[in-house]
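Next come the chains, spelled out residue by residue.
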Amino acid sequence: MAVINRDPRSAPHGTRNDAVLAAVLLAASVCLALFTDEGRRPDALGWTLLCAAHVPLVWRRRHPLLVLVAVVALVGPYHALDNHHAAPGAASCVALYTLAVTGRPLRTVLTGIAVLGTSVGVMLTVDAHQAVELIRVSGWVIAVLFAGVDVRYYRQYVAGIVERAERAERTREEEARRRVAEERLRIARDLHDLLAHSITLIGVRTSVAAHVLAADPERLDREAVAKALDDIAETCRTARGELRTTLEVLRDHGPGDARGPLPGLDGVPDLVEAARLAGARVERTGRLGPVPPAVGAAAYRILQEALTNAVRHAGPEPSVRVDLREEDGALRLSVTDDGTGPAPGGVPGFGLAGMRERARSVGGALDAGAREGGGFRVTATLPLTSSATSRAVPAPASAVAGPAATAGGSG
């Protein structure tokens, strides 16, 4: 099957194999010519023509048409001398088959007609009875030609299947690489949101504890210091748990998804409470029903980053308003503060870009900017329809081939 499926022109050691084939066919034709009656046995010229007709077969793969012409040119005089007619038949059939299997069907048909016409014309000049006999056995010539054409079409069919399989494999590899890149980006966003939020809260509570310790050593408020340290410890435990869940995808767990549940809107009260502990006056409004997991995770991360930015940049004890509601088949999220905003000339982070990516990942949009009269506002619209959120399903954990790239500080 490998020989049939492979194009003979691209087969390895083609010339060597054809030389062996020509030698075998020559030996068979010599045996046929020897084991016949002496009246039909070739003479010296006949033996020369018979042997010479097998020589061009060595180059049949490279020049099939020229080889066929050479074989016909040598076999024609051989038959005209009324030698044993069956002896060169195998060489002629091989030359015809090679032309049919490597050439176009139209050229094959025209060549077959030309060969048959030439052969019948030569035989008519020798013996009319032999010419009629040649016409009777010409079905073998037609069969050889059609066999070559059929094998040629079969090879084209197999080549098409192989090409489609290779294209499908390349498509799967490209899809796997794309999903790996998306998964790494998702992990980078998760790590950025988690670490920026946790480190900001830890920094705020540490500053509170340091202020209490340094304000009046004679009248140390041990309860305030203990509460600040407890808040720091709780924030560290929460961050460690979320970090473990996020990094779990980097371990090999087979085909299963080891991420655990995505964060959702049920964690919003914890975010609000953490921001209050950091000194912000947070007011939450709005009501929501169940939302798709991908939308809930995106809204959770956007709200986490917005509250982190408010605690970090809005100044001491900012007033923050969080509004979550469902309108027109979409989740409307708004985070507004009355702070002073980030210090001018500061190094920009990845927070705002990450929030916009979160919104786009579920087919939504996000707008962020300074408010008139002071403060900062973040608004996001996240559609709740399945067609919009289907794109947000993350790649399986098994597709991650290497460590994720982590992002920088908060925006």
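Only a predicted model underlies this, so the values are computations on that prediction, with no experimental measurement involved. Throughout, residues of each chain are indexed from 1 in the direction in which the sequence is written. Whole-chain, interface and lining totals are the exception, using all residues; otherwise, since this is a predicted model, local features are given only for residues with pLDDT of at least 70 and side-chain atom pairs are given and counted only at 80 or more. Excluded from the side-chain calculation are hydrogens and water; included are all heavy atoms of the structure.

Caption draft 1: Inspection of the pairing of strand E2 (residues 319-327) at higher detail. Between any two strands, pairing holds if DSSP finds at least two bridges. Comment: elements are numbered from the N terminus, with helices defined as DSSP H or I runs of at least four residues and strands as E runs of at least two. Pairing between strand E1 (residues 281-285) and E2: five bridges, direction parallel. Paired with Val282 across the strands is Val320, a residue of E2. Regarding topology, helix H11 (residues 293-313) serves as the crossover connection from E1 to the parallel E2, and that connection is left-handed. Pairing of E2 with strand E3 (residues 330-337), which is carried by eight bridges, proceeds in the antiparallel orientation. When the sheet's bridge partners are listed, Glu326 is paired in E3 with Leu331. Counting the residues between successive antiparallel strands, the hairpin from E2 to E3 contains two residues, one of them, Asp328, with a positive phi of roughly 55°. By convention, a crossover is right-handed whenever its connection, traced from the first strand over the helix to the second and viewed with the strands pointing away, goes clockwise.

Caption draft 2: A nonpolar patch on the surface, seen in detail. To count toward a patch, a residue needs a relative accessible area over 30% and no salt bridge; like charges are then connected within 9 Å, while nonpolar side chains (Val, Leu, Ile, Met, Phe, Trp, Tyr) are connected within 5 Å. The accessible surface values rely on the Shrake-Rupley method and a 1.4 Å probe; as for residues, cover is taken only from the protein chains in view. Salt bridges are defined by distance alone: a side-chain nitrogen of Lys or Arg within 4 Å of a carboxyl oxygen of Asp or Glu. On the surface, Leu106, Val109, Leu110 and Ile113 cluster together into a nonpolar patch covering about 410 Å² of accessible area. Looking at the element boundaries, Ile113 is found in helix H6 (residues 105-126). Per-residue accessibility, obtained with a 1.4 Å probe over protein chains only, is compared with the maximum for each type, and a residue is labelled buried under 20%, exposed over 50%, and partly exposed between these values. With a relative accessible area of 55%, Ile113 lands in the exposed category.

Caption draft 3: Region of the structure containing the confidence of the model for the chain. The predictor's confidence in any single residue is recorded as pLDDT, a number from 0 to 100. For the chain, the mean per-residue pLDDT works out to 75, and 76% of the residues sit at or above 70. With pLDDT under 50 throughout, residues 253-259 is counted as low confidence; its partners more than four residues away or in other chains account for 16 contacts. Every residue pair with non-hydrogen atoms within 4.5 Å of one another is taken to be in contact. Counting interchain partners and residues more than four positions distant, the pLDDT-below-50 stretch residues 387-411 has 74 contacts.

Caption draft 4: Seen up close, the packing of helix H2 (residues 14-34) against helix H3 (residues 44-54). To get an axis, fit a line to the C-alpha atoms, keeping to the stretch in contact for a helix; angles then go from 0 to 180 degrees between the N-to-C directions. Between H2 and H3, the shortest axis-to-axis distance is 9 Å and the interhelical angle comes to 155°. Classified by the interaxial angle, the pair formed by H2 and H3 is roughly antiparallel. The crossing of H2 and H3 is right-handed. Of H3, the residues touching H2 (which contributes Ala22, Leu25, Leu26, Ser29, Val30, Ala33 and Leu34) are Trp47, Leu50, Cys51 and His54. Residues are grouped as follows: nonpolar covers Ala, Val, Leu, Ile, Met, Phe, Trp, Tyr, Cys and Pro; charged covers Asp, Glu, Lys and Arg; every other residue, Gly included, is treated as polar. A per-class count over the contact of H2 with H3 returns nine nonpolar, two polar and no charged. Orientation labels follow simple angle bins: below 35 degrees gives roughly parallel, above 145 gives roughly antiparallel, 65 to 115 gives roughly perpendicular, and whatever is left gives oblique. What makes a crossing left-handed is the near helix being turned counterclockwise from the far one by less than a right angle; a clockwise turn instead makes it right-handed.

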